[in-house]
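Residues per chain are reported as follows:
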Amino acid sequence: MTNTDVKNLFNKIAQKYNFMNNIISFGLHKLVKEQAIKALEIKPKSKVLDLCCGTGDLGAIIKKLYPDCDVIGADFSKAMLEIARKNNNNITYWEVDARKLPFEKNSFDYIVMGFGLRNIPEKNKVLEEIYRVLKTNGKFLQIDFGKHNLASEILDVFILTAAKLFYKNTKPYKYLILSKRNFLEPDELIEIYKFNKFKYLTHKNILFDVISYQIAEK
């Protein structure tokens, strides 16, 4: 799928996005995201970019844990951003292309990205932009699906079943499964971070290794 196709897909599913995430993850996705944010150890009064923010979960968690931080949310889906703005009136949102960020060099202390990198073919370009707008010693957190194991395959079956029952349309979630299967595993992602000049710090695999987060530093 092209970048425009993916954007259109997310615009279409935006209204049921949070509901379906809760179903598919058994309500655990916010706990996983909070665990990853805590591992980032954000310092007070930091400037944070929530890239590919969707409906704003990660930014909301950051503001809850670190209310004095300046958080900016960015996404290419207008429909997702509309929901994010309604849910989080203490965060500023920008409609942007992650491959060409409209921010100056060295703008952010932290950049977080949840379930977004998987949807962009030009991953090196995105990481190049993230590196550019991070401050020196700034940290980057990436959360997404992890290892391609049996538990991941079982999840695929459940996702399609849930989409059929609750969304009445499996097409968007067939794309989700395909992108999940084609996404790099954690060890491969770490090598790409290093290729793009990041210093690898740590990673953790969660929920039978189905979900993973990695933290790197500029």
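For the structure itself, consult the block above.
Visitor: In this structure, what is going on with the overall build of the protein chain? I would like to understand it.
Guide: For the protein chain, the helix and strand inventory stands at eight helices and seven strands. Against the compact-globule benchmark of 17 Å for 218 residues, the protein chain has a radius of gyration of 16 Å, which places it among compact chains. Seen along its three principal axes, the alpha-carbon backbone of the protein chain occupies a region of about 45 × 35 × 30 Å. In the protein chain, buried positions account for 54% of the 218 residues. Counting every atom, the protein chain has about 10800 Å² of accessible surface; 54% of that belongs to carbon and sulfur.

Visitor: Just checking my understanding: could you explain helix 1 (residues 3-24) for this structure?
Guide: In an α-helix, one turn spans 3.6 residues, which is why side chains three or four residues apart end up on the same side. Helix length check: helix 1, at 22 residues, gives a terminal C-alpha distance of 24 Å against a target of 32 Å (1.5 Å per residue), a shortfall beyond 12%. The largest bend in helix 1 amounts to roughly 70 degrees and is located at Ala14. When helix 1 is considered as a whole, its buried residues turn out to be Asn3, Val6, Leu9, Phe10, Ile13, Ala14, Tyr17, Met20, Asn21 and Ile24. Tucked into the core, helix 1 has its buried residues touching helix 2 (29-40), helix 4 (78-87), helix 6 (150-167) and helix 7 (171-182). One or two positions beyond helix 1, positive phi appears at Phe26, with a value near 55 degrees.

Visitor: Whenever I open this one, the side chain of Asp57 confuses me. Can you help?
Guide: Topologically, Asp57 is positioned in helix 3 (residues 57-65). Look past the residues within four positions of Asp57 in its chain and what remains in contact with it is Asn18, His29, Lys30 and Lys33.

Visitor: Got a minute to help me understand the packing of aromatic side chains in this structure?
Guide: Given two aromatic rings, their pairing is described by the distance between the two centres and the angle made by the two planes. Counting across every chain of the model gives 11 aromatic pairs. When the ring of Trp94 is compared with that of Phe103, the centres are 4.9 Å apart and the planes differ by 55 degrees; the resulting orientation is tilted. The class for Trp94 is partly exposed, based on a relative accessible area of 34%. Between Tyr131 and Phe198, the ring centres sit 5.2 Å apart and the planes meet at 90 degrees, which makes this aromatic pair edge-to-face. With a gap of 67 residues between them, Tyr131 in helix 5 (residues 123-133) and Phe198 in the loop between helix 8 (186-195) and strand 6 (199-206) connect regions that are remote in the sequence.

Visitor: It is not clear to me how the pattern of salt bridges should be interpreted in this structure. Could you clarify?
Guide: Side-chain pairs of opposite charge can arise where the charged atoms are in close proximity. On inspection of all chains with the given rule, the structure shows 12 salt bridges. With a shortest N-O distance of 3.6 Å, Glu128 and Lys125 are connected by a salt bridge. Taken together, the residues Glu128 and Lys125, both in helix 5 and three residues apart, mark about one turn of the helix. Assessed through its relative accessible area of 45%, Glu128 is described here as partly exposed. With a relative accessible area of 34%, Lys125 lands in the partly exposed category. Its salt-bridge partner being Asp156, residue Lys180 comes within 2.5 Å of it at the nearest N-O pair. In this pair, Lys180 sits in helix 7 while Asp156 sits in helix 6, placing the two residues 24 residues apart along the sequence. Residue classification places Asp156 among the buried residues on the basis of a relative accessible area of 3%. Here the residues in one salt-bridge network are Glu34, Lys38 and Lys64, joined through shared partners.

Cut-offs and rules
Residues numbered from 1 in each chain as written. Predicted model: local features only at pLDDT ≥ 70, side-chain atom pairs only at ≥ 80, totals over all residues. Heavy atoms only, no water. Helix = DSSP H or I, 4+ residues; strand = E, 2+ residues; numbered from the N terminus. Rg over C-alpha atoms; globule rule 2.2 N^0.38 Å. Buried < 20%, exposed > 50% of the residue type's maximum accessible area, 1.4 Å probe, protein only. Areas by Shrake-Rupley, 256 points an atom, 1.4 Å probe, with all protein chains shown as cover. Expected span 1.5 Å × (residues − 1). Bend = angle between axes of the 7 residues up to and from the residue. Contact = heavy atoms within 4.5 Å. Phe/Tyr/Trp six-rings, centres within 6.5 Å; stacked < 30°, edge-to-face > 60°. Salt bridge = Lys/Arg side-chain N within 4 Å of Asp/Glu carboxyl O.

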